[in-house]
Amino acid sequence: GDSVTQMEGPVTLSEEAFLTINCTYTATGYPSLFWYVQYPGEGLQLLLKATKADDKGSNKGFEATYRKETTSFHLEKGSVQVSDSAVYFCALSDRGSNYKLTFGKGTLLTVNP
Amino acid sequence: ETGVTQTPRHLVMGMTNKKSLKCEQHLGHNAMYWYKQSAKKPLELMFVYSLEERVENNSVPSRFSPECPNSSHLFLHLHTLQPEDSALYLCASSSPGGRQGDTQYFGPGTRLTVL
């Protein structure tokens, strides 16, 4: 079946540091890949997505590239801010499973001033 | 209002109470979902409704009873819950087969505490 593995947290960075959160996946079909973000006390918000190999999703300074050869979708940001503190979830949607989302366990990011 | 809304945002109930969670989507989607998010556990998909028909029930106890009266509204009826049911309950919607078919949009969640 489908699965998503993302790096265990928590991750603690200083403001303006470089961020990478690793995500790898296993899927039976050709999935779409997502990063969702959950700020404290809120629901999940779509951060970015990519639907085919070599696509780069980007939003709010975050980027992730769909790498089919390594089955990866790592999240990166060049300079994090305190306001980026949140839990980040990697997810995939496989057409073969009627677009059900399979989530990773989430990575807590804390950015200190 | 836009997006996906959920009410109430917080709910405290005793084990013998009956309550309902409400979700409404304003995105014109035709599929709706209930998820449970517990501390230190992955997100759990509970129910999926597509075109108002339940298409998935992931072995959820019968004390949780979903209802989807139309494509914009989804309810989760709760009765005789257990303390371990305390969690954040998230609603989502999507439009499979549509332009953004595989993207789910989430509501803010209902924080449920069972005493």
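Asker: Help me get a handle on the sheet that holds strand E3 (residues 18-25) of chain B, residues and values and all.
Answerer: Residue and element names in this part refer to chain B. Here four strands make up an open sheet; going across it, the order is E1-E3-E8-E7 and the pairing antiparallel. Unpaired on one side and paired on the other, strand E1 (4-7) and strand E7 (64-70) mark the two borders of the sheet. Sheet twist, expressed as the average angle between the axes of neighbouring strands with direction ignored, equals 20°. Judged from the seven bridges that link them, E3 and strand E8 (residues 73-79) form a sheet pairing that is antiparallel. Paired with Lys19 across the two strands is Leu78, which belongs to E8.

Asker: Just give me the short version of the packing of aromatic side chains, but keep the residues and values in it.
Answerer: Scanning the entire structure with this criterion turns up twelve aromatic pairs over all chains. For the pair Phe103 of chain A and Tyr35 of chain B, a centre-to-centre distance of 5.9 Å together with 90° between the ring planes defines the contact as edge-to-face. Here Phe103 of chain A, found in strand E11 (residues 101-103), pairs with Tyr35 of chain B, found in strand E4 (residues 31-37), and the two come from separate chains. Here Phe103 of chain A matches Tyr35 of chain B in class, with each residue buried. Taken together, the ring pairs connect Phe34, Tyr36, Phe89 and Phe103 of chain A together with Tyr33, Tyr35 and Phe106 of chain B into an aromatic cluster. Taking the ring centre of Tyr30 of chain A as reference, the NZ or CZ of Lys68 of chain A above it sits at 5.2 Å.

So, how was this worked out
- Residues numbered from 1 in each chain as written.
- Chains lettered and ligands numbered in written order.
- Predicted model: local features only at pLDDT ≥ 70, side-chain atom pairs only at ≥ 80, totals over all residues.
- Heavy atoms only, no water.
- Pairing = 2+ DSSP bridges.
- Helix = DSSP H or I, 4+ residues; strand = E, 2+ residues; numbered from the N terminus.
- Axes fitted to C-alpha atoms, helices over the stretch in contact; angles between N-to-C directions.
- Phe/Tyr/Trp six-rings, centres within 6.5 Å; stacked < 30°, edge-to-face > 60°.
- Buried < 20%, exposed > 50% of the residue type's maximum accessible area, 1.4 Å probe, protein only.
- Lys NZ or Arg CZ within 6 Å of the ring centre and 35° of its normal.

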